[in-house]
Amino acid sequence: MSAADVRTWAPGDELPALEVPITRTLIVAGAIASRDYQDVHHDAELAKGKGSPDIFMNILTTNGLVGRYITDHFGPGAVLRKVAIRLGAPNYPGDTMVLTGKVISVSAEDGTAQVAVVGANGIGRHVTGTVTVSVGGDIGRDIGGEAGRVMGGDIGGEAS
Amino acid sequence: MSDGLYEELKAYEGLPAAEGGVGRDLVNEPMIRHWCEAMGDTNPAYTGPEAIAPPTMLQAWTMGGLGGHQSRSAAQDELFGLLDKAGFSSVVATDCEQEYLRPLRVGDEITFDAVIESVSEQKTTKLGTGHFVTTRMDVRANGEPAGTHRFRILKYAPAARPSKKPAAKDGKPARRPRPVINRDNAGFWKGVEEHKVLIQRCTECSVLRFPWLPGCNSCGGAEWDTVEASGEGTVFSYVVMHHPPFPAFDPPYAVGLIELAEGVRMISNVVGVPHDEVRIGMAVRLEFLRTDEELEVPVFRPVGASSADSAGSSAAEGSAA
């Protein structure tokens, strides 16, 4: 049994949480890496002028972190099919975002799982979303020892 | 503002938002690496000779960057111009839905087209009042469909009017006053740090008291323990502050006397509703508002006042509350 096989997952299974410290560096690096030069993501004075208490994370970085949360967990063979997110409370510097995920459906036929993701920070829900990920099929050959260890640790011997 | 404006905005639905867009850079290793470094993403699928780009980078390949959006359509420019003119000059992204049809590999040329899918009626959110604009982009790699990208932004007029705020003497933006923490109330603020509102309880007569005091008002007892508030409450009374304006507060805003489910009352802000919609008897629930890097305070939001369509920010709330 491949550890990352979608058949080992069942609706209701929870992914371990990932804590992401929201540093000023992360916000700025994420904005620049996504080629988003909106001032509210790097210039605190201008952000305040627009009614925000500080700079805040851009949606592309949130999207990237959500994608990373899923692939970190399902292993390097996992393929993202769909990521749909909605933003709520902004990620300001000094906060911490805790990403949690719950499997909401599994399709054995096409080897995909749908995972509901929530990223909560100190002021509320920064992000809510749904990710569809393929974790079965011939991609199993790519799954290395690391993924097996991560997955094995989480699901134990349980198979559905 | 008027229905006339909405009719004008609505006419842009279905028109192109971007036409014949070409990614500024071919899919390339350095941009992938910079992305992965920023995200802390160590997925081996994104490195080495067989590397693919992180799928969530889809939009990044279409960004204009500092050079601006050369592919933006005249319709999109006009729509944004209309919104700017109507005072909705700020923009914040609220939703992103991406579907990935094929992995992007180093060397792929990205091309894209986008359409204005919908423009919402005027909505009032915590950030301010404005219109949601949804676009849908089709992204191709070397001419093959590679993904779709639906993106929703709010074009809005900020609720806060920082220019009217009295500036602090040193010219820096004002921060809320710091709480005075002493040995009589330190436990309360410790609780707030842990996102709890703790109520003192006299261990002699079990009477609850709030705010924190060194002794029991009921029996005079000096010993106490604490009860964590469930967070449920109702507005017992309230005032709306109009004048004078204090630095870091942006009038008008509602200050409520909240009766907690446990029976004690506390003064706090009522957030998530306009100041003139706060009512006595309104059911509210506790939450914590970060006002700056150092300060978090307990505030109350009416039950059912969702932050779902509030465009992703309590920024306006932060200055209004």
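Criteria and thresholds
Residues numbered from 1 in each chain as written. Chains lettered and ligands numbered in written order. Predicted model: local features only at pLDDT ≥ 70, side-chain atom pairs only at ≥ 80, totals over all residues. Heavy atoms only, no water. UniProt positions renumbered as here; feature names shortened; annotations may be inferred. Helix = DSSP H or I, 4+ residues; strand = E, 2+ residues; numbered from the N terminus. Buried < 20%, exposed > 50% of the residue type's maximum accessible area, 1.4 Å probe, protein only. Pairing = 2+ DSSP bridges. Axes fitted to C-alpha atoms, helices over the stretch in contact; angles between N-to-C directions. Parallel < 35°, antiparallel > 145°, perpendicular 65-115°, else oblique. Left-handed = near helix turned anticlockwise from the far one by under 90°. Contact = heavy atoms within 4.5 Å. Arc of directions from axis to C-beta. pLDDT = per-residue confidence, 0-100. Salt bridge = Lys/Arg side-chain N within 4 Å of Asp/Glu carboxyl O. Phe/Tyr/Trp six-rings, centres within 6.5 Å; stacked < 30°, edge-to-face > 60°.

Under the annotation held in an unreviewed UniProt entry, chain B carries the name DNA-binding protein and is attributed to Streptomyces mesophilus.

In the annotation of an unreviewed UniProt entry, the entry for chain A reads MaoC family dehydratase, and the organism field reads Streptomyces mesophilus. Recorded under Sequence similarities (unreviewed entry), the UniProt text for chain A is reproduced unchanged: "Belongs to the enoyl-CoA hydratase/isomerase family."

A. Quick look at unusual backbone geometry. Residues and elements named next belong to chain B. In the segment running from phenylalanine 210 into proline 211, the intervening peptide bond is cis, with an omega of -5°. By the element assignment, proline 211 lies in the loop between strand E8 (208–209) and strand E9 (224–228). Positive phi outside glycine occurs at asparagine 142, with the angle close to 45°. Secondary-structure assignment places asparagine 142 in the loop between strand E5 (128–141) and strand E6 (144–158). In this structure, alanine 248 takes a positive phi of about 80° despite not being glycine. Overall, the relative accessible area of 9% leaves alanine 248 in the buried class.

B. Representation of the sheet that holds strand E7 (residues 198–202) of chain B. Residues and elements named next belong to chain B. A sheet is described by the order of its strands in space; here three strands give the open sequence E8-E7-E9, paired in antiparallel fashion. Of all the strands in the sheet, the pair left with one neighbour each is E8 and E9. Here E7 pairs with E9 via five bridges, running antiparallel. Bridging from a neighbouring strand, glutamine 200 pairs with threonine 226 of E9.

C. Structural view of the packing of helix H1 (residues 24–33) of chain A against helix H2 (residues 29–39) of chain B. Interhelical geometry of H1(A) versus H2(B) gives an angle of 155° and a closest axis separation of 9 Å. Looking at the two axes, H1(A) sits roughly antiparallel to H2(B). You can see that H1(A) and H2(B) cross each other, and the crossing is left-handed. Residues Leu26(A), Ala29(A), Gly30(A) and Ala33(A) of H1(A) form the contact with H2(B), whose own contacting residues are His34(B), Trp35(B), Ala38(B) and Met39(B).

D. Geometry of the sheet that holds strand E11 (residues 253–260) of chain B. All names here are of chain B. An order of E12-E11-E10-E13-E14 is seen for the five strands of this open sheet, with the pairing classed as antiparallel. Edge positions in the sheet fall to strand E12 (265–269) and strand E14 (296–302), since each of these pairs with one other strand and no more. Averaged over all pairs of adjacent strands, the angle between their axes in this sheet comes to 40°, without regard to strand direction. Alignment of E11 against E12, held across five bridges, turns out to be antiparallel. For glutamate 259, the partnering residue across the bridge sits in E12 and is arginine 265.

E. Quick look at helix H4 (residues 186–193) of chain B. All names here are of chain B. Inspection of H4 places Phe188, Trp189, Gly191 and Val192 among the buried residues, and these make up the whole buried set. One side of H4 carries all its buried residues, which in axial view fall inside an arc of 150°. Close packing links the buried residues of H4 with E7, E12, strand E13 (283–290) and E14. At the C-terminal side of H4, histidine 195 shows a positive phi close to 60°.

F. Main features of the confidence of the model for chain A. All names here are of chain A. When pLDDT is averaged along chain A, the result is 84; 80% of the residues meet or exceed 70. When mean pLDDT is taken per element in chain A, H1 scores highest with 98 and helix H4 (residues 145–155) scores lowest with 33. For residues 137–160, every residue scores under 50 in pLDDT, and the model assigns this stretch 29 contacts once sequence neighbours within four places are set aside.

G. View of the environment of Gly64(B). Structurally, Gly64(B) can be placed in the loop between H2 and helix H3 (74–85). When the C-alpha positions of Gly64(B) and Gly21(B) are compared, they lie 9.7 Å apart, and in sequence the two are 43 residues distant. The residues touching Gly64(B), leaving out its near neighbours within four places in the chain, are Arg35(A), Arg24(B) and His69(B).

H. Quick look at the pattern of salt bridges. Enumeration over the complete set of coordinates arrives at 27 salt bridges over all chains. Between Arg24(A) and Glu293(B) there is a salt bridge, with the nearest N and O atoms lying 2.6 Å from each other. Taken together, the residues Arg24(A) in helix H1 and Glu293(B) in the loop between E13 and E14 connect one chain to another. For Arg24(A), a relative accessible area of 34% puts it in the partly exposed group. You can call Glu293(B) partly exposed: its relative accessible area is 42%. Lys155(B) is the salt-bridge partner of Asp84(B), the closest N and O atoms lying 2.5 Å from each other. On the criterion of sequence distance, the pair formed by Asp84(B) in helix H3 and Lys155(B) in strand E6 is long-range, its members being 71 residues apart. Judged by relative accessible area, Asp84(B) falls into the partly exposed class, the value being 35%. Given a relative accessible area of 4%, Lys155(B) falls into the buried group. Among the charged side chains, a network of salt bridges with common partners joins Arg175(B), Arg178(B), Asp292(B) and Glu294(B).

I. Focus on the packing of aromatic side chains. Residue and element names in this part refer to chain B. All chains considered together, the criterion is met by six aromatic pairs over all chains. A centroid spacing of 5.4 Å and a plane angle of 70° characterise the contact between phenylalanine 188 and phenylalanine 210, whose relative ring orientation is edge-to-face. Remark: phenylalanine 210 occurs in the loop between E8 and E9 and phenylalanine 188 occurs in helix H4; sequence separation between them is 22 residues. Residue class for phenylalanine 210 comes out buried when judged on its relative accessible area of 18%.

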